[in-house]
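A closer look at the structure
Listed below, chain by chain, are the residues.
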Amino acid sequence: MPWPYQLRCFNCHTRYPTEKTNYRCEKCGGLLEISFKVSGRKAPWKNRSLSVWKYRELLPIDNDRFITTLAEGGTGLHFCPRLGREIGIKKLYVKNEGENPTGSFKDRGMTAALSKARELGKKRVVCASTGNTAASLAAYSARSGLTCIVIIPEGKVATGKMLQVMIHGASIFQVTGDFDEAMKAVVTLTEHRKAFYLMNSVNPFRLEGQKTLAYEVCDQLDGKAPDTVVLPVGNGGNISAIWKGFGEYNMLGITETRPRMIGVQAEGAAPIAKAVKHKQEKIQPVTNPRTIASAIRIGSPVNWTKVLPAINESHGSAETVSDKEILVAQRDLASKEGIFVEPASAASIACLRKSLETGRIDQSDLVVCVTTGHGLKDPSVVDYLPHRQRYTLKTTQPDWIERLERTL
Ligand code: F0G
């Protein structure tokens, strides 16, 4: 059973029944959130093994029988001394979300949101997606027998993610235009047809699953919060969910501090980074967003009203990186630490390198970079790899071993 929770407006705190499924406040139009009263409580999960459902008390699903799981969470927090030394930081950790069942952090959210959908009696679930949300939703729908509809920008989803959506049997609708177009379509669809349940990150139940990343990181660091967390930002659901998680752990008295949250966007799709840089209270959507990191090719982030407070309250920042910096970071992490992540995820490493150069992050900080998706999802980066010599091996020659050694 979860601890008592409420569904309320993030902005004006108006409360709503937890069955409400259009995710805007009727008074002010703000986004909704789940609020748990955690202060004064004692966490009973210390001896449970690491996973999203380790934190059952803080997940707003009332009845265990609706829980739909593929064993999500419990991902590695990898100490990266080789890459850290090269970048100039002693305590670099990578929280590798590519280790989740469908290869991205979305699974943390989907296990919670899909379970809630079932609890609410929903039969059809729908999302707009740059690929990972769709892949995850398709898998969890298949797992639970729900009908899955995904709306995606035509020709702009990485091959691996398309394959996942197809093999899990989702109905795929493609819109001309970018992700923002697809998002508008699902919002309109779910407003007009109550039978379709919206599974994007404006769904506050999904974000409750995603906040568990923060709990896990603190548990993996033996009850300490990192100094700084760096992660890619698209719609901004993840950074706000993780910030909420660090806040709850702090209120529970498990950690003494909260980290600085640094959001990273690609130069050609950076409405949040621009707003933070110019100290604006609102974002200016970017039309025709461009970047090789297709997962975060988003011009109008739906969660921006949650992102700006997360960055400001945490004394963090939002930065931009170029596609070239992303590709270099992707190769560095793969070749120096054995961790293969998709381009959007590598943006966090690229940002770390830049932030050390500009002095935004200190060399002595304990930094966690969140790598959000697995590298195999987007094989198109093969076109950007530097040419590597491949040798022909004639094992019929008696001296082939010596020849092999000579080329090394
Ligand atoms: N990293 C990856 C690999 C993603 O797929 C996404 C978002 C993000 C980062 C950004 O997360 O939106 O919570 O700020 N992908 C969404 C999708 C948009 O449809 O898969 P965010």
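Throughout what follows, the structure given in this document is the object of discussion. (Residues numbered from 1 in each chain as written. Predicted model: local features only at pLDDT ≥ 70, side-chain atom pairs only at ≥ 80, totals over all residues. Heavy atoms only, no water.)

Now for the pairing of strand S3 (residues 32-36). Counting buried residues in S3 gives five out of five residues, a clear majority hidden from the surface. Residues Leu32, Ile34 and Phe36 line one face of S3 and the alternating positions Glu33 and Ser35 line the opposite face, and both faces are buried. Relative to S3, strand S1 (residues 5-9) is paired through five bridges, and the arrangement is antiparallel. The partner of Arg8 across the bridge, within S3, is Glu33. (Buried < 20%, exposed > 50% of the residue type's maximum accessible area, 1.4 Å probe, protein only. Helix = DSSP H or I, 4+ residues; strand = E, 2+ residues; numbered from the N terminus. Pairing = 2+ DSSP bridges.)

This part covers the nonpolar core. Within the largest apolar cluster, 85 residues are counted, with the highest numbers of intra-cluster contacts made by Val125, Met199 and Ile272. In terms of residues, this core owes the most to one element, helix H3 (residues 132-144), which gives six residues. Apart from the residues within four sequence positions on either side, Met199 is in contact with Met110, Ala113, Leu114, Val125, Val126, Cys127, Thr133, Leu137 and Arg206. Listed in part, the 30 residues of the second largest apolar core include Ile89, Ile296, Ala329 and Ile339. (Core = buried A, V, L, I, M, F, W, Y, C linked by side-chain atoms within 4.5 Å. Contact = heavy atoms within 4.5 Å.)

Think of an α-helix as 3.6 residues a turn; residues three or four steps apart then line up on the same face. Helix length check: helix H11 (residues 323-337), at 15 residues, gives a terminal C-alpha distance of 21 Å against a target of 21 Å (1.5 Å per residue), a fit within 8%. All of the buried residues in H11 are Ile326, Leu327, Ala329, Gln330, Asp332 and Leu333. Close packing links the buried residues of H11 with helix H1 (81-87), strand S5 (91-96), strand S11 (260-266), strand S12 (317-321), helix H12 (343-357) and strand S13 (366-371). (Expected span 1.5 Å × (residues − 1).)

Lining the immediate surroundings of the ligand are 19 residues, of which Ser129, Gly234, Asn235, Gly236 and Thr372 lie closest. Within the contact set of the ligand, a nitrogen atom lies 2.7 Å away from a side-chain nitrogen or oxygen of Thr372. Protein contact buries 99% of the 470 Å² of open area that the ligand shows by itself. Elements supplying a minimum of two residues to the shell around the ligand: H3 and helix H8 (237-251). Here the shell around the ligand is built from residues that sort into six nonpolar, eleven polar and two charged. (Near = heavy atom within 4 Å. Polar contact = N/O pair within 3.5 Å; in protein donor to acceptor, adjacent residues only side chain to side chain. Areas by Shrake-Rupley, 256 points an atom, 1.4 Å probe, with all protein chains shown as cover. Nonpolar A, V, L, I, M, F, W, Y, C, P; charged D, E, K, R; others polar.)

A word on the sheet that holds strand S6 (residues 124-128). Reading across the sheet, the four strands line up as S8-S7-S6-S9 and stay open at both edges, with parallel pairing between neighbours. Taken across any chain shown, the strands that pair with only one partner, and hence form the sheet edges, are strand S8 (171-175) and strand S9 (196-198). On average, adjacent strands in this sheet sit at an angle of 25° to one another, irrespective of strand direction. Bridge analysis of strand S7 (residues 147-153) against S8 gives five bridges, and the strand direction is parallel. (Axes fitted to C-alpha atoms, helices over the stretch in contact; angles between N-to-C directions.)

On to a nonpolar patch on the surface. A cluster of nonpolar side chains, namely Leu393, Leu404 and Leu408, defines an oily patch on the protein surface of about 330 Å² accessible area. Along the chain, Leu408 turns up in the segment after helix H13 (400-407). Relative accessible area serves as the criterion here: at 82%, Leu408 is assigned to the exposed category. (Patch = residues over 30% accessible without salt bridge, like charges linked within 9 Å, V, L, I, M, F, W, Y side chains within 5 Å. Salt bridge = Lys/Arg side-chain N within 4 Å of Asp/Glu carboxyl O.)

The next thing to look at is the pattern of salt bridges. Applying the stated criterion across every chain, the model contains 24 salt bridges. In this structure, Arg8 and Glu33 form a salt bridge, with 2.9 Å as the shortest nitrogen-oxygen distance. Of this pair, Arg8 sits in strand S1 while Glu33 sits in strand S3, placing them 25 residues apart in sequence. Judged by relative accessible area, Glu33 falls into the buried class, the value being 12%. Lys20 is paired through a salt bridge with Glu26; the nearest N and O atoms lie 2.6 Å apart. Salt bridges sharing partners connect three or more residues here, namely Glu86, Asp332, Lys336 and Arg353.

This paragraph deals with unusual backbone geometry. Its identity as a non-glycine residue notwithstanding, Asp222 has a phi of 55°, on the positive side. Structurally, Asp222 can be placed in the loop between helix H7 (212-220) and strand S10 (228-232). For Asn288, which is not glycine, the phi torsion reads 55° and is therefore positive. Among the secondary structure elements, Asn288 is positioned in the loop between helix H9 (271-277) and helix H10 (304-313). On the basis of relative accessibility, which here comes to 47%, the residue Asn288 falls in the partly exposed class.

What follows deals with the packing of H8 against H10. One can describe the packing of H8 onto H10 by two numbers: an axis separation of 8 Å at closest approach and a directional angle of 50°. With respect to H10, the axis of H8 lies oblique. Handedness of the H8/H10 crossing: left-handed. Where H8 abuts H10, its residues Ile239, Ser240 and Trp243 lie against Lys306, Val307, Ala310, Ile311 and Glu313. Residue classes in the contact of H8 with H10 are distributed as five nonpolar, one polar and two charged. (Parallel < 35°, antiparallel > 145°, perpendicular 65-115°, else oblique. Left-handed = near helix turned anticlockwise from the far one by under 90°.)

Here we take up the sheet that holds S1. Spatially, S2-S1-S3 is the arrangement adopted by the three strands of the open sheet, whose pairing is antiparallel. A single partner strand is all that each edge strand has here, and the edge strands are strand S2 (15-16) and S3. The pairing of S1 with S2 spans two bridges and is antiparallel. Among the inter-strand pairings, Arg8 is bridged to a residue of S2, identified as Arg15.

So, about the packing of aromatic side chains. Tallied over the full model, the rule gives nine aromatic pairs. Pairing Trp45 with Tyr249 gives two aromatic rings, centres 6.3 Å apart and planes at 5°, and the pair type is stacked. Separated by 204 residues along the polypeptide, Trp45 in the loop between S3 and strand S4 (77-79) and Tyr249 in helix H8 bring together distant segments of the chain. Classification of Tyr249 by relative accessible area gives buried; the value is 0%. Judged by centre distance (5.3 Å) and plane angle (40°), the ring pair of Phe79 and Tyr93 falls under tilted. Taken together, the positions of Phe79 in strand S4 and Tyr93 in strand S5 put the pair 14 residues apart, joining distant regions of the chain. Of the residues examined, Tyr93 reaches a relative accessible area of 19% and is grouped as buried. Connected via pairs of aromatic rings, a cluster forms that spans Trp3, Trp45, Tyr55, Tyr215 and Tyr249. (Phe/Tyr/Trp six-rings, centres within 6.5 Å; stacked < 30°, edge-to-face > 60°.)

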